[in-house]
Amino acid sequence: MISHATLPSSLHPSIPLGGHGAAVIVFDPLHRFNVSRLAQTMLHFVFSKTAEDIDEATKITIRSIVVRSLLHVHIFRPQSWPSLLATLRSLPDYLFDKSRHKSIHRRIHSLILEDIDTFVWSMRKSNSSSLMVSSTTALATASTNITSAVQRLSTLLSCATILTSQSTTPLSFRPAIPTSWPQGQMVTRLAIRRVEVLKFAPAISIEEAEAERAHRWDVVQKGRFECWKVGAGVRDSEGFVYRIGQAGVEIEEVQGK
């Protein structure tokens, strides 16, 4: 998504890339965002749009385009919930100050908040000994604060917003926070998990296990994941399977069309 958001619309008139030439804001509290991996994905995507026998000058141009596109990925790493909210509030001041970045003439494509549940444990802990404020009330207040801040920025910047988090339980597919969204807010919820590799059958022999091991490892190495919509009104099996490898992200199959 970030590759499509920040890359230009074309390499030159005969090679369309479908990029938006925009900027992206990423909040990465756990320092998981890998810029090198993003650059690798961008390079593979652009090279996949060109002929195999491109000359060295074109390769240099492609690398230059990727480097310039990476300048428009703005990464923030807040270390606490108050810091996260404060950074969201100050984001317009940062974005509209042309002396602080090179994206002043680009629109904001999306605001991405990774691992939004990172600070839930600390919020619960800080309120566990309080007689006045329960942890449920604290989460409800935090939820209102984050959804209000995100909604305000989405309206101001005319951008999409993406929040990611671990599910509260393996089967619920619901985040710990936000606990809810403002009434009337359109929200699309997606669940993502690695495609399960079947366990060895009960009472399997050592020889049979050894025979299956190579096949199972091959399945794991393919990096297969499934993504599907969750929530009210969603059709069963409405989603897709994709692979994450050295070459980037590839859609394998689409379900529920």
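In this report, we go over the structure that sits alongside the text.

Calculation notes
- Residues numbered from 1 in each chain as written.
- Predicted model: local features only at pLDDT ≥ 70, side-chain atom pairs only at ≥ 80, totals over all residues.
- Heavy atoms only, no water.
- Helix = DSSP H or I, 4+ residues; strand = E, 2+ residues; numbered from the N terminus.
- Buried < 20%, exposed > 50% of the residue type's maximum accessible area, 1.4 Å probe, protein only.
- Contact = heavy atoms within 4.5 Å.
- Areas by Shrake-Rupley, 256 points an atom, 1.4 Å probe, with all protein chains shown as cover.
- Phe/Tyr/Trp six-rings, centres within 6.5 Å; stacked < 30°, edge-to-face > 60°.
- Patch = residues over 30% accessible without salt bridge, like charges linked within 9 Å, V, L, I, M, F, W, Y side chains within 5 Å.
- Salt bridge = Lys/Arg side-chain N within 4 Å of Asp/Glu carboxyl O.
- Lys, Arg positive; Asp, Glu negative; His and termini not counted.
- Charge placed at Lys NZ, Arg CZ, Asp CG, Glu CD.
- Pairing = 2+ DSSP bridges.
- Axes fitted to C-alpha atoms, helices over the stretch in contact; angles between N-to-C directions.
- Parallel < 35°, antiparallel > 145°, perpendicular 65-115°, else oblique.
- Left-handed = near helix turned anticlockwise from the far one by under 90°.
- Nonpolar A, V, L, I, M, F, W, Y, C, P; charged D, E, K, R; others polar.

On a plain count of helices and strands, the chain comes out with 7 helices and 10 strands. Among the 257 residues that make up the chain, the fraction classed as buried is 34%. Residue pairs in contact within the chain that sit at least 24 positions apart in sequence constitute 62% of those at least 6 positions apart. Within the structure as shown, the chain displays about 16000 Å² of accessible surface, and the carbon and sulfur contribution to it stands at 55%.

Another point: the packing of aromatic side chains. With the rule as written, the count across this model stands at 6 aromatic pairs. Three or more aromatic residues joined by ring pairs make a cluster, and in this case those are F27, F76 and Y94.

Turning next to a negative patch on the surface. Where like charges cluster on the molecular surface, the negative patch consists of E52, D53, D55 and E56. If you trace the backbone, D53 turns up in the loop between α2 (35-48) and α3 (56-70). Of the residues examined, D53 reaches a relative accessible area of 66% and is grouped as exposed.

Attention shifts here to the sheet that holds strand β4 (residues 73-76). Taken together, the 4 strands give an open sheet; going across it, the order is β4-β3-β5-β6, and neighbouring strands pair in parallel fashion. Taken across any chain shown, the strands that pair with only one partner, and hence form the sheet edges, are β4 and β6 (160-163). The average undirected angle you get between the axes of adjacent strands in this sheet is 15°. Both strand β3 (residues 23-27) and β4 contribute to a ladder of 4 bridges, which runs parallel. Bridge pairing in β4 links V24 to V73.

Attention shifts here to unusual backbone geometry. Cis geometry marks the peptide bond from I177 to P178, where omega comes out at 0°. With respect to the secondary-structure elements, P178 resides in the loop between β6 and β7 (189-194). In this model, H31 sits at a positive phi of 55°, which is unusual for a non-glycine residue. Tracing the backbone through its elements, the reader meets H31 in the loop between β3 and α2. The phi angle at D115 is positive, at roughly 50°, despite the residue not being glycine. Along the chain, the position of D115 falls in the loop between β5 (108-113) and α5 (120-127).

Opposite charge on two side chains permits pairing when their charged atoms draw close. Applying the stated criterion across every chain yields a total of 6 salt bridges. Across the pair R243 and E250 runs a salt bridge, and its minimum N-O distance is 3.4 Å. In this structure R243 comes out as partly exposed when scored by relative accessible area, which is 30%. Residues joined in a network through salt bridges with shared partners are R224, R243, E250 and E252.

Time to look at the side chain of H109. In this fold, H109 is placed in strand β5. Non-local contacts of H109, meaning those with residues more than four positions away in its chain, are made with M1, A5, H20, A22, A23, V24, C159 and A160.

For the pair helix α4 (residues 81-95) and helix α6 (residues 135-157), interaxial distance at closest approach is 11 Å and the crossing angle is 15°. For the element pair α4 / α6, the angle class is roughly parallel. At the point where α4 passes α6, the crossing takes the left-handed sense. Every residue of α6 that contacts α4 at W81, L84, L85, L88, R89, L91, P92 and L95 is listed here: A142, N145, I146, A149, R152, L153, L156 and L157. Among the residues making up the contact of α4 with α6, the classes are represented as 13 nonpolar, 1 polar and 2 charged.

By themselves these figures say nothing about function.
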